[in-house]
Amino acid sequence: MEIEIIAVGGYDEVGRNMTAVRCGKDIVIFDMGLRLDQLMIHEDAEVDEMHSLDLIKIRAIPDDTVLQKVEGAVKAIVCSHGHLDHIGAIPKLAHRYKAPIISTPYATELIRQQIEGEKKFGVANRLVPLRAGQKFTISPTLVLEFVRTQHSIIDTVTPVLHTPHGAVVYACDFKFDRTPVIGEPPDFARMRQIGKEGVLALIVESTYIHRPGRCPSERIARDLVRDVITSFEDDKNGIVVSTFSSHISRLKTIAECAHEIGRKPVFLGRSMEKYSVTAEQMKFVSFPKTASVYGNRKTVDRMMRQMMKEGKDKFLPIVTGHQGEPGSTLTRIALGETPFQIAKGDKVIFSANIIPNPMNVGSRYALTHRLKFAGARVFEDLHVSGHAYREDHYEFLQILNPQHIIPAHADITMTAAYAEFAGELGYTANSTVHPVKNGSRVRVH
Ligand SMILES: [Zn+2]
């Protein structure tokens, strides 16, 4: 049986991830993601109503037309977690394939909501929730297994495709967090077993291969956030925290710190509502009883008026907009467009890094400048990453010992850096480690 890996998207950029694995005549697709910064450049784009080919043209979704030349039928679409750069293109592309969409329960629910919001296409693919530790038979020769891992969103797995010639492991995205805030550490025992059974190919994120050491645990971020939020004596000023709305562990930490200092945690913004309510309903998390959530702009503004009336020191708003995204709650606060007004001495805490592209760097600079100008004290980078660093990658290769490696989830500078790193461990570029571009095909058997 021939086995090849087809790099569809996410190999020339960070975002719009999509990889296909062909085993004989069966094709399995891993992820169908969106590239968000491309959409920000094309600000007038109404994504819900746009056609796939137009979105491909602006490089916002993967160019899956390369699959037209691949002989075989797509048997399954598999998503490793619920981040938009992994599931965001499903409403635009999945209907072209007569295949179920298999993902973890939380990601499946997010995918269901995505499909519901789609206005252009009817997506009728069957949604199959699969838990970490479970298996799913795709065809007489292919079995999919979900292995538990950790990342910056709950319910993330490393999908493993068992083929007659060994396992194909899709490790996008992951971190080796042994002391996570929500959920269990990665299932190292099972990974070691899979490594012993034989790994034909590892498709692996290479985003932070250049960062030395290992990625700090989410426990460290919890300490950083707690250290700041709980450290103000008799403070009557406002405290606003901005973080990733999909980062449920972080939201839990922030809400608990707010509760600890006697302020009511208030999640503000549509995406805050979407991710936190879904996670709580599915019992992945329980926020303090004093927590509340307001999604649409009208209710957000009404809640802000209440905060101004009752006193900012009674509440702790948790908002979107840490990258300075236009229209987000924090951007609106900074522009003075909300009932919540920044006053001298108010604290604004960023529990997020700057996502390193020029657009974000510029908007974030403008945002913090405006906040400071209004008198805010700004705390930056109370954050740890959700992605593996160099020594995590080293550990992973020791565990899996794959025959072939395909570095993914990055542009060529990062995938080439991964290839160099693998070279130090005995792999050979273009023979056993393959830094590829979107549209490339690699035969591994
Ligand atoms: Zn991710």
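Residues numbered from 1 in each chain as written. Predicted model: local features only at pLDDT ≥ 70, side-chain atom pairs only at ≥ 80, totals over all residues. Heavy atoms only, no water.

A separate point is the environment of Phe30. Structurally, the position occupied by Phe30 is in strand E3 (residues 26-30). Not counting residues up to four positions away in its chain, the partners in contact with Phe30 are Met18, Thr19, Val21, Val78, Leu144, Pro159, Leu161 and Tyr170. (Helix = DSSP H or I, 4+ residues; strand = E, 2+ residues; numbered from the N terminus. Contact = heavy atoms within 4.5 Å.)

Moving on: the sheet that holds strand E10 (residues 166-171). Backbone-to-backbone hydrogen bonds pair the strands of a sheet. The strands run either parallel or antiparallel. Reading across the sheet, the six strands line up as E7-E8-E9-E10-E11-E18 and stay open at both edges, with mixed pairing between neighbours. The strands lining the two open edges of the sheet, one partner per strand, are strand E7 (135-139) and strand E18 (404-408). Between one strand axis and the next, the sheet turns by 20° as a mean value, whatever way the strands run. One ladder, built from five bridges, connects E10 with strand E11 (residues 199-205); its direction is parallel. Counted as the bridge partner of Val169 is Leu202 from E11. Against the sheet, helix H6 (residues 188-197) engages E7, strand E8 (142-148), strand E9 (157-163), E10 and E11, with an angle of about 145° to E8. Against the sheet, helix H14 (residues 412-424) touches E11 and E18, its axis set at about 150° to E18. (Pairing = 2+ DSSP bridges. Axes fitted to C-alpha atoms, helices over the stretch in contact; angles between N-to-C directions.)

To continue, consider the pairing of E3. A regular strand places its side chains so that they alternate between the two faces of the sheet. Judged by how many residues are buried, E3 sits mostly within the fold: five of five residues are covered. A two-sided burial pattern is seen for E3, the buried positions comprising Asp26, Val28 and Phe30 on one face and Ile27 and Ile29 on the other. Connecting strand E2 (residues 18-23) to the antiparallel partner E3 that follows it, the hairpin turn spans two residues, and Gly24 within it adopts a positive phi of roughly 60°. With five bridges connecting them, E3 and strand E4 (residues 73-79) associate as parallel partners. By the bridge assignment, Ile27 is partnered in E4 with Val74. (Buried < 20%, exposed > 50% of the residue type's maximum accessible area, 1.4 Å probe, protein only.)

Here the focus is the nonpolar core. Judged by nonpolar contacts, the single largest core of 58 residues is most densely connected at Ile29, Met32, Leu67, Ile90 and Ile248. Per-element accounting of this core gives the leading share, six residues, to helix H8 (residues 248-260). Those residues in contact with Ile29 that lie beyond four places of it in its chain are Met18, Thr19, Ala20, Leu67, Val74, Ala76, Ile77, Val78 and Tyr97. In terms of nonpolar packing, the next biggest core, distinct from the first, is built from 31 residues, Cys23, Leu130, Ile138 and Val442 among them. (Core = buried A, V, L, I, M, F, W, Y, C linked by side-chain atoms within 4.5 Å.)

Attention now moves to the coordination of the zinc ion. The coordination sphere of the zinc ion contains the protein donors His81 (NE2), His83 (ND1), His151 (NE2) and Asp173 (OD), at a distance range of 2.2 Å. Classification of the site at the zinc ion as irregular follows from its four donor atoms and the range of 92 to 169° in their angles at the metal. Between the donor residues of the zinc ion, the gaps in sequence give the motif H-x1-H-x67-H-x21-D. Of this pair, His81 sits in the loop between E4 and helix H3 (84-87) while His151 sits in the loop between E8 and E9; the two residues are 70 residues apart in sequence, bridging distant segments of the chain. Look at His81 and you get buried, because its relative accessible area is 0%. Residue His151 is classed as buried on the basis of its relative accessible area of 5%. (Donors = N, O, S within 2.8 Å, 3.2 Å for Na, K, Ca; no water. Tetrahedral: all angles 85-135°; square planar, octahedral: opposite > 155°, others 65-115°.)

Here H8 contains 13 residues, and its C-alpha end-to-end distance of 18 Å stays within 8% of the 18 Å for a straight helix at 1.5 Å per residue. Most of H8 sits inside the fold, with ten of its 13 residues counted as buried. Within H8 the residues assigned to the buried category are Ile248, Ser249, Arg250, Leu251, Lys252, Thr253, Ile254, Ala255, Cys257 and Ala258. A positive backbone phi angle near 80° is found at Gly262, which sits one or two residues after H8. (Expected span 1.5 Å × (residues − 1).)

This brings us to the environment of Asp37. Position of Asp37 among the secondary structure elements: in helix H1 (residues 36-41). Sequence separation between Asp37 and Gly15 is 22 residues; the distance between their C-alpha atoms is 8.6 Å.

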